Amino acid sequence: MSGWIDRAVAQAAGLHPYIPGKPVETLLREKGLSHAIKLASNENPYGPAPKAIAAMQAAASEMHRYPDGDATALKAALADLHAVSREQILLGNGSNEVLELIIRTFAGAGDEVIYAQRGFIVYALATQAAGARGVAVAEADGLSHDLEGMLAAVNARTKVICLANPNNPTGTLHDNAALQAFLDRLPRDLIVIVDEAYYEFVADQLGDSLAQLSHPGLVISRTFSKAYGLAGCRVGYAVADAEIVALVNRFREPFNLNGLAQAAALAALDDRDWVMARVAETVAERERLESALDALGLLTGQSHGNFVLLHHADSAALHRQMEDGGIILRPLAPYGMADDLRVSVGLPAENDAFLARLEQFLAAQ
Ligand SMILES: Cc1ncc(COP(=O)(O)O)c(C=O)c1O
C-alpha cells in the first residue's frame with residue numbers, strides 16, 4: 001500500500017468511534033418488539049417546539065435552494081438573545097461540530113487538550129482526531145470535575161481546556177463563582193470551552209453565564225438538541241470573542257447548518273415559553289426518578305441535566321432486562337463507570353414504565 005494510505009490507516013486505528021444511544025428501530029428489530037422507549041440520548045421526549053415544527057413544514061418547499069451559509073437570521077436572533085454581536089456567534093451542525101471545530105482550530109500535533117476523565121467523551125475523540133494529546137484529569141470525588149487538578153495539568157503545550165457544566169454523564173454542576181475563580185487562574189492565551197449543552201435545565205440556579213464568566217479565550221457552547229427538542233436537526237452554537245469565531249469559521253464547511261435546521265432553531269427561540277415549560281416538567285420528573293432511585297439505594301449522585309444515573313453491581317443484567325422489555329438506557333462503561341447506567345428523563349408514563357421494570361428486576365434478584 002502506498003505511504004499516504006498507510007499513514008491514514010495508522011491514524012484511524014487510534015480513533016475510537018462515538019457510541020450513540022441505541023436507536024428505537026434497532027432494538028425493535030433485535031428483540032422483535034413492536035414498541036420501545038428510548039431513554040438513552042438525553043433528548044426532549046415532548047418533541048420539537050410547535051413553532052419549530054410549523055417552520056420546518058413551511059421551509060420544506062424551499063429545500064431545493066442552498067441554505068444561507070451565514071445563517072443570518074438565526075445569528076441575529078442569538079446575538080439579540082445573548083446581548084452580544086453577531087460576530088461572536090459560531091454555529092455548528094450540533095454543538096458537537098462546534099466543539100470539534102474549536103479543538104481542531106486551536107490544537108494539533110504536539111499540543112495538549114485538558115478535560116475531565118468523565119467529561120463528555122467528544123472532547124477526547126475530537127482531540128485525538130486533531131492529532132493533539134488528550135490529558136484526562138480524574139475527578140476528585142469520582143464525579144465532579146477537579147478544577148484544581150485541571151489547573152495543575154496546564155503547561156506550555158496546553159492549548160484548550162474543555163469542561164461541561166452541567167457535565168454529561170455525571171450530571172455535576174459548578175457555580176459560576178467557582179468557574180470564574182478557575183478562569184482567573186488560567187493563562188490568558190488558552191482556549192477554555194465551557195460546554196453548556198444542558199444550560200436550560202439549570203438556568204435559574206446558574207444565572208447568566210455569558211454575562212458572569214470572563215476570560216479572553218472563553219468559548220461558551222450551547223445546543224438546540226436538549227431543551228429545544230431539535231436533536232435531529234443538529235443545531236449548536238458557541239459565543240466567544242469575535243477573533244476566535246472568525247478563526248474557527250475558516251475551518252467550517254460553508255453550509256454546515258442546513259435550511260430546515262436554521263428555520264427550526266429560529267422558530268424554537270420564538271417558542272421559549274413552551275420550551276421552558278417542558279424544561280420545568282422534565283426537572284420535576286428527574287426529581288421524581290431520583291427520589292425513587294434513592295429509595296432503592298441505586299442513585300449514583302444528584303444530576304443537574306435531563307438524565308439520572310443509577311448504580312447497580314450487575315448493571316449489565318439490568319441493562320439486558322430493560323432492553324428485553326423495550327427500554328433503552330445508556331451504559332457508562334466508555335466513561336469507566338461499568339456499574340452505572342444513564343437514564344434520560346422521559347415522558348411521565350415512560351418513566352413509570354422504567355421504574356416498574358426496575359422493580360421487577362430487583363424483585364427477581
Ligand atoms: C455535554 C454535551 N455537550 C455536547 C453535546 C452534543 O450535542 P449536540 O451535538 O446534539 O448539540 C452533548 C450531547 O449529548 C452533551 O451531552
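Along each chain, numbering runs from 1 in the same order as the chain's sequence is written. The predicted origin of the model limits local features to residues at a pLDDT of at least 70 and limits the giving and counting of side-chain atom pairs to 80 or more, whereas totals for whole chains, interfaces and linings rest on all residues.

**Points about the packing of helix α3 (residues 50-59) against helix α12 (residues 259-269)**
In this analysis, axes come from line fits to C-alpha atoms, helices being fitted only over the stretch in contact, and the angle between any two N-to-C directions falls in the range 0 to 180 degrees. A run of H or I in DSSP becomes a helix once it reaches four residues, and a run of E becomes a strand once it reaches two; helices and strands are each numbered from the N terminus. Between α3 and α12, whose axes approach to 8 Å, the crossing angle comes to 145 degrees. Pair α3 / α12 crosses with right-handed handedness. On α12, the residues touching Lys51, Ala52, Ala54, Ala55, Met56 and Ala59 of α3 are Gly259, Leu260, Ala263, Ala264, Leu266, Ala267 and Ala268. Each residue gets one label: Ala, Val, Leu, Ile, Met, Phe, Trp, Tyr, Cys and Pro are nonpolar, Asp, Glu, Lys and Arg are charged, and the others, such as Gly, are polar. Taken together, the residues that form the contact of α3 with α12 break down as 11 nonpolar, one polar and one charged. Crossing chirality is assigned from the near helix's rotation relative to the far helix, an anticlockwise turn below a right angle marking it left-handed and a clockwise turn marking it right-handed. Contact between two residues is assigned when their C-beta atoms, built from the backbone, lie within 7 Å.

**Here's the deal with the domain arrangement of the chain**
Domain delimitation follows an automatic or database domain assignment. Split into domains, the chain comes out as domain 1 (19-47 + 273-363) and domain 2 (50-270). With centres defined by C-alpha atoms, the gap from domain 1 to domain 2 works out at 25 Å. With 24 residues of domain 1 at the interface, the matching set in domain 2 holds 20 residues. Put simply, the parts of the chain that give the side of domain 1 that touches domain 2 at least two residues each are α13 (272-295) and β9 (307-311). In terms of residue class, the side of domain 1 that touches domain 2 is made up of 11 nonpolar, 11 polar and two charged.

**Some remarks on the environment of Gly110**
By the secondary structure assignment, Gly110 is in the loop between α5 (95-106) and β3 (112-116). Buried residues are those with 20 or more other C-beta atoms within 10 Å of their own C-beta, exposed residues have 12 or fewer, and partly exposed residues lie in between; C-beta atoms are placed from the backbone. By C-beta crowding, Gly110 is classed as exposed, having 10 other C-beta atoms within 10 Å. Considering only alpha carbons, one finds Gly110 and Tyr228, 118 residues apart in sequence, at a separation of 38 Å.

**Things to note about the site of the ligand**
For each residue, a C-beta position is placed from the backbone atoms; the residue is near a molecule or strand when that point lies within 6 Å of it. Around the ligand, the structure places 13 residues, and the nearest of them are Gly94, Asn96, Asn168, Thr223 and Ser225. Residues belonging to the shell around the ligand are distributed by class as follows: four nonpolar, eight polar and one charged.

**Let's talk about the pairing of strand β8 (residues 236-239)**
Taking every second residue as pointing to the same face, both faces of β8 are buried, with Gly236 and Ala238 on one and Tyr237 and Val239 on the other. Across four bridges, strand β2 (residues 89-92) lies against β8 in antiparallel orientation. Residue pairing for β8: Ile89 is matched across the bridge by Val239. In this sheet, β8 lies alongside strand β7 (residues 218-223) in antiparallel orientation, the contact comprising four bridges. In this description, strands pair whenever DSSP reports at least two bridges between them.

**Topic: the pairing of strand β5 (residues 158-164)**
Side-chain positions along a regular strand alternate between the two faces of the sheet. In terms of burial, β5 is a largely internal element, seven of the seven residues being buried. Here β3 pairs with β5 via three bridges, running parallel. Bridge pairing in β5 links Glu112 to Thr158. Bridging between β5 and strand β6 (residues 191-195) involves five bridges; their strand directions are parallel. Of the residues in β6, the one forming a bridge with Ile161 is Val192. A crossover connection joins β5 to the parallel β6 through helix α8 (residues 176-184); in handedness this β-α-β unit is right-handed. Throughout, right-handed denotes a crossover for which the path from the first strand over the helix to the second runs clockwise when the strands point away from the viewer.

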